[in-house]
Amino acid sequence: MIKRALTGAVCVATLVAGAFVGMNAVADEHANLIVNGEIEMVVRTEAPEHMENVDTIYSGWVYRATETQALQMDDFDNPGMLWVDQAAEYFETAQGPEGRSCQDCHESPEALAGVRAVYPKWDEERGVVQTLENQINECATERMGLEPLKYTGSEMVNMSALLASVSRGMPINVAIDGPARETWELGKELYYQRTGQLELSCANCHEDNYGNRIRSDMLSQGQINGFPVYRLKNAKLNAVHSRFKGCVRDTRAQTYAPGSAEFVALELYLASRGNGLSVEGPSVRN
Ligand code: HEC
Ligand code: HEC
């Protein structure tokens, strides 16, 4: 891992004129994440077999400062939980032409525990890989007669936080074989493709340089097990496709739209790089 990181650092640093600084150790390499004194999270574990260049996968939590880490350790301190509460209200509110609520069909949010961990997932009926957001919109439009929720809008991101919160601590376990394989391959291609004026791929930062500093930030592996993420930077919950957009823009490339086939593929691929880490959403990051 260290050898690999060094090679990457050298080659990328020439491209972005020394943006990456040094080899930094993590604040406390062995810190453990236990939420509310009871939900034990796996924040580091053996990389899934399909990953060729990485031995150990780490949650983004590991790379945050101690104070930021602490915010995620208790629901009273985690600002993201406020929106989880809002979504819980939405969940039981009757709406639409037939006055239905999510609760009419799904007894409680807890009845959907485990769902977050296996999405994005192949949908047999539609013949596509569906994200959790697509699935929520399928229920909202086809089963409740509502307008689709905006893909990265607050109602959607809140609902996705609620569904993540009831799966916290469960291992991410997305399937990448069978009919999902093609989408996964596309996601992998996008992950390694150099784009933009800076000619950087996701891998240049998140595979070759995790643990190194870039500007004021410490690079993580770019895992998505913590989404939606409450960011101190913008003081709100952020959807995973919003984060993709931000990172693509940082390479000064044209970005894809949230919910696009490309971002769905990238999400499936990234999720699979986190297979074995715990569902953490809503997590807290910079
Ligand atoms: C009229 C009944 C109905 C309503 C109302 C409804 N759903 Fe569903 N929902 C279903 C059915 C049926 C499925 C299973 C569909 C499938 O597996 O393809 C489902 C599947 C899901 C899944 C995926 C479960 C899994 O195991 O993959 C999620 C998440 C979900 N619904 C969330 C919601 C949310 C959030 C709302 C409210 C905005 C909602 N649903 C409203 C009937 C409903
Ligand atoms: C120029 C470097 C750079 C590139 C290229 C880059 N990112 Fe990032 N990314 C960052 C930085 C900096 C952060 C914030 C610190 C961290 O969590 O790594 C970040 C954070 C993330 C996170 C949040 C991780 C968490 O735990 O909250 C995800 C997910 C992510 N990036 C995905 C991507 C994807 C997908 C691509 C390729 C499309 C990409 N990044 C390309 C620099 C980059």
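All figures in this text were calculated on a predicted structure; none of them were measured in a lab.

Novice: Would you explain the confidence of the model for the chain in this entry?
Specialist: Detailed reading of the predicted coordinates is not advisable wherever pLDDT falls low. The pLDDT averaged across the chain works out to 92; a share of 90% of its residues lies at or above 70. Residue range residues 1–15 is modelled with pLDDT below 50. Its contacts to residues more than four positions away, or to other chains, number 28 contacts.

Novice: How do you make sense of the site of ligand 1 when you look at a structure like this?
Specialist: Taken together, 15 residues lie around ligand 1, and Arg 100, Cys 102, Cys 105, Cys 139 and Arg 143 are the ones closest in. Only α4 (102–105), α5 (132–143) and α6 (154–165) provide two or more residues apiece to the shell around ligand 1. With 5 residues, the top contributor of residues to the shell around ligand 1 is α5. Residue composition of the shell around ligand 1, by class: 10 nonpolar, 2 polar and 3 charged.

Novice: For this particular structure, what's the right way to read the domain arrangement of the chain?
Specialist: By convention, interface size is frequently given as the accessible area that disappears when the constituent parts associate. Per the domain assignment, the segments making up the chain are domain 1 (2–76 + 175–278) and domain 2 (80–165). Each partner contributes to the interface: domain 1 provides 18 residues, whereas domain 2 provides 16 residues. Ranked by residue count, the leading element in the side of domain 1 that touches domain 2 is helix α10 (residues 261–273), at 4 residues. Its residues assigned to classes, the side of domain 1 that touches domain 2 comprises 11 nonpolar, 5 polar and 2 charged.

Novice: Where do I start with the nonpolar core in this structure?
Specialist: One recurring pattern in soluble globular proteins is that nonpolar side chains are buried together. Counting residues in hydrophobic clusters, the biggest one holds 57 residues, and the most contacted among them are Val 43, Ala 161, Leu 266 and Leu 268. The dominant element in this core, judged by the number of residues it contributes, is α10, at 8 residues. Composition of this core by domain shows at least three residues from each of domain 1 (2–76 + 175–278) and domain 2 (80–165). Apart from residues lying up to four places away in sequence, Leu 268 is in contact with Pro 120, Val 129, Val 174, Ala 180, Thr 183, Trp 184 and Gly 187.

Novice: How should the sheet that holds strand β12 (residues 283–285) be read in this particular structure?
Specialist: Pairing between sheet strands relies on hydrogen bonds along the backbone, with the strands arranged either parallel or antiparallel. An order of β11-β10-β12 is seen for the 3 strands of this open sheet, with the pairing classed as mixed. If you trace the sheet from one side to the other, it starts and ends with β11 (236–238) and β12, each paired once. Put simply, the sheet's adjacent strands are angled 40° from each other on average, direction ignored. Strand direction decides the pairing type here: strand β10 (residues 229–231) and β11, joined by 3 bridges, are antiparallel. Residue pairing in the sheet places Tyr 230 in a bridge with Leu 237 of β11.

Novice: Whenever I open this one, α5 confuses me. Can you help?
Specialist: Along an α-helix, residues three or four apart share an orientation, since each turn contains 3.6 residues. Spanning 12 residues, α5 covers 16 Å between terminal C-alpha atoms, matching the ideal 16 Å at 1.5 Å per step. Taken residue by residue, α5 has Leu 132, Glu 133, Asn 137 and Ala 140 as its buried positions. Buried residues of α5 fall within an arc of 135° about the axis and therefore sit on the same side. Taken together, the buried residues of α5 touch α6.

Conventions we followed
Residues numbered from 1 in each chain as written. Chains lettered and ligands numbered in written order. Predicted model: local features only at pLDDT ≥ 70, side-chain atom pairs only at ≥ 80, totals over all residues. pLDDT = per-residue confidence, 0-100. Contact = placed C-beta atoms within 7 Å. Near = placed C-beta within 6 Å. Helix = DSSP H or I, 4+ residues; strand = E, 2+ residues; numbered from the N terminus. Nonpolar A, V, L, I, M, F, W, Y, C, P; charged D, E, K, R; others polar. Domains from an automatic or database assignment. Core = buried A, V, L, I, M, F, W, Y, C linked by C-beta atoms within 7 Å. Buried ≥ 20, exposed ≤ 12 C-beta atoms within 10 Å, placed from the backbone. Pairing = 2+ DSSP bridges. Axes fitted to C-alpha atoms, helices over the stretch in contact; angles between N-to-C directions. Expected span 1.5 Å × (residues − 1). Arc of directions from axis to C-beta.

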